[in-house]
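Here's the letter readout for the chains.
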Amino acid sequence: MRFIKKLPFFYLFLCLLLVQFFPAFSSDDAKSQHENRKETLLYGLESDVMELLDTFIKEKDRDFLSEIHDVFASAKSTALKDKIILYYTELKYEGLKDYALGILEDPYDEKKSTVILLMKYAEKLQIAEAAPLLRSIIESDNTDFFESAVNALGAVGSGEDAAFLAELFSGDLSLIQKQTVVKALGKLRAEESWDMLVEAAENEDENTFVRMYAAEAIGNIRPEEACDILLRLFDSTDPNLRQYVVKGLAQNTSQAARSLLFTALKDNHYKVRLEAVEAVQEQKLTEAAPSLLYRAKNDSESAVKYACFEALAFFGDKNGVDYMVGILKDEKRGDTLKAKIAASLLKYDVKDGTEAVVELALKTAGDDKKKNLRYALGKEFAKYENKAFEPVCEAYIKSSDAATKGTGLDIYKKNPYPSLKALVQEIADDDKASSIRSKAKSLLDL
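Predicted model, so just to flag it, every value in this text is computed and none were measured. (Residues numbered from 1 in each chain as written. Predicted model: local features only at pLDDT ≥ 70, side-chain atom pairs only at ≥ 80, totals over all residues. Heavy atoms only, no water.)

*Asks:* How would you sum up the overall build of the chain? Please name residues and give values.
*Replies:* When helices and strands are counted, the chain shows 28 helices and 0 strands. Relative to the compact-globule value of 22 Å for 446 residues, the chain shows a C-alpha radius of gyration of 28 Å, a clear excess of over 25%. Projecting the C-alpha coordinates of the chain onto the three principal axes gives extents of approximately 105 × 60 × 30 Å. For the chain, with 446 residues in total, the buried portion stands at 48%. (Helix = DSSP H or I, 4+ residues; strand = E, 2+ residues; numbered from the N terminus. Rg over C-alpha atoms; globule rule 2.2 N^0.38 Å. Buried < 20%, exposed > 50% of the residue type's maximum accessible area, 1.4 Å probe, protein only.)

*Asks:* Report on the layout of surface pockets, specifying residues and quantitative values.
*Replies:* One number sums up the size of the second largest pocket: a volume of about 210 Å³. Lining the second largest pocket are 14 residues, with Leu328, Glu331, Lys338, Leu360 and Lys363 positioned closest to its centre. Secondary-structure elements contributing two or more residues to the lining of the second largest pocket are α21 (318-329), α22 (335-347) and α23 (351-365). Sort the elements by how many residues they give to the lining of the second largest pocket and α23 lands first, with 5 residues. (1 Å grid on protein atoms, 1.4 Å probe; cavity = no way out; pocket = protein on both sides within 12 Å on 5 of 7 lines; lining within 4 Å. Points joined across faces, edges and corners; volume = space filled by probe spheres on them.)

*Asks:* I'd like to hear about the side chain of Asp61, residue by residue, with values.
*Replies:* Among the secondary structure elements, Asp61 is positioned in the loop between α4 (46-59) and α5 (65-74). Other than its neighbours up to four places away in sequence, Asp61 contacts Arg37, Phe56, Tyr87 and Leu91. (Contact = heavy atoms within 4.5 Å.)

*Asks:* Quick one: what's the story with unusual backbone geometry, residue by residue and with numbers?
*Replies:* Despite not being glycine, Gln126 has its phi angle at roughly 50°, a positive value. Inspection of the secondary structure puts Gln126 in the loop between α8 (112-125) and α9 (131-139). Of the residues examined, Gln126 reaches a relative accessible area of 54% and is grouped as exposed.

*Asks:* Let's hear about the environment of Asp429: which residues, and what values?
*Replies:* Looking at the element boundaries, Asp429 is found in helix α27 (residues 421-429). Distance in space between the C-alpha atoms of Asp429 and Ala440 is 8.9 Å, their sequence separation being 11 residues.

*Asks:* Which residues make up the pattern of salt bridges, and what values go with them?
*Replies:* As enumerated under the stated definition, the model contains 27 salt bridges in all. Arg135 is the partner of Glu160 in a salt bridge, and the nearest nitrogen-oxygen pair spans 3.3 Å. Pair noted here: Glu160 is in helix α11 (residues 159-169) and Arg135 is in helix α9, with a separation of 25 residues, a long-range link. Residues Asp322 and Lys318 are paired through a salt bridge, measuring 2.8 Å at the closest nitrogen-oxygen approach. Here the residue Asp322 and the residue Lys318 both occupy positions in helix α21, the gap between them amounting to 4 residues, near one helical turn. For Asp322, a relative accessible area of 37% puts it in the partly exposed group. Three or more residues joined by partner-sharing salt bridges are found here, namely Asp368, Lys371, Arg374 and Asp401. (Salt bridge = Lys/Arg side-chain N within 4 Å of Asp/Glu carboxyl O.)

Structure, rendered in structure tokens:
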């Protein structure tokens, strides 16, 4: 009889033991990631909300736009408001458009950081209605916002705004302001600024950076007419100007322009060579492949080599791909070089190249001396959807190294292979996998 009376206490004691020793039964773990994030937005500390917003920016998460808008409306902290503006800018969310226009109409009583972020917001979303407001700010005596306003006007403005900036250039501006104006005119690509930009590009007494930005701009505004001007400017002894001449010719498909690009691949200055590699790739000049392969093998600058790898992978050039695969299989070659090559081959899904990268990743999966290469390869696999990555994903998830497991889960997020769901479930159920358990749970919630 006494045992029966005490039975409820026994069950209570048992439940307490279960909660203590089996935390998987707790209500917090039962909640989905979505619910936890929503609660953070509603009730979390400012620091927690800002950290969560950083995660949303990284993940490009749009699930909580209305909740975040409510947070913005009630926020007193400038830091939190600025973080939300940054988030909306990254996601190109138009929910702050009216607010932004209202602030830009009279920005002088607002925090400088907030106003500048709202200008970037208008720039990213290309809010044309902001153009007259930006011009008013530029014309004002307050110089705090000059550069940001000019940059934004270069994105949202019209031919009329280009004429305004061209006239402004001839006024009393500092060197930095002149450079900013020319860069903005380059973005506008408006005919109204042609004469002024040509004059600036050809003026040997003008600041080098002004000439550089002007050279690129005229190449974008009138490619054919600018060609002869840019060919003459390429004779300059200033490598920075030659680099921007190549930028200006990147859109020009004339024989004269293409000949100069091939010449630029052999320029003495690496910046010019680097720009030429990008230009021949942009123009899809497959006939440049032998030159690119030579640079990939022999260039003194790593940045040029890496750009050549990407261009060769982009073209799918057989000789170039064979050379890169050979490096991946050569145990004497450096891991940094292999990681760069792998990134290029995976980016363009070069068949033989992808197979070689998968083979390399499987070798590193069990070799702790190659952890850095393993991590670098894993980050690249996690960017793309590809059935061929399945054995790599499995090997990473099965790794005893927590960071490798986490990278495997990143690959799984992009490629939710049905055959690997059970492995992800094991991590989600593993009390000892605290650092990645929540990540696994969130993937199963998707």
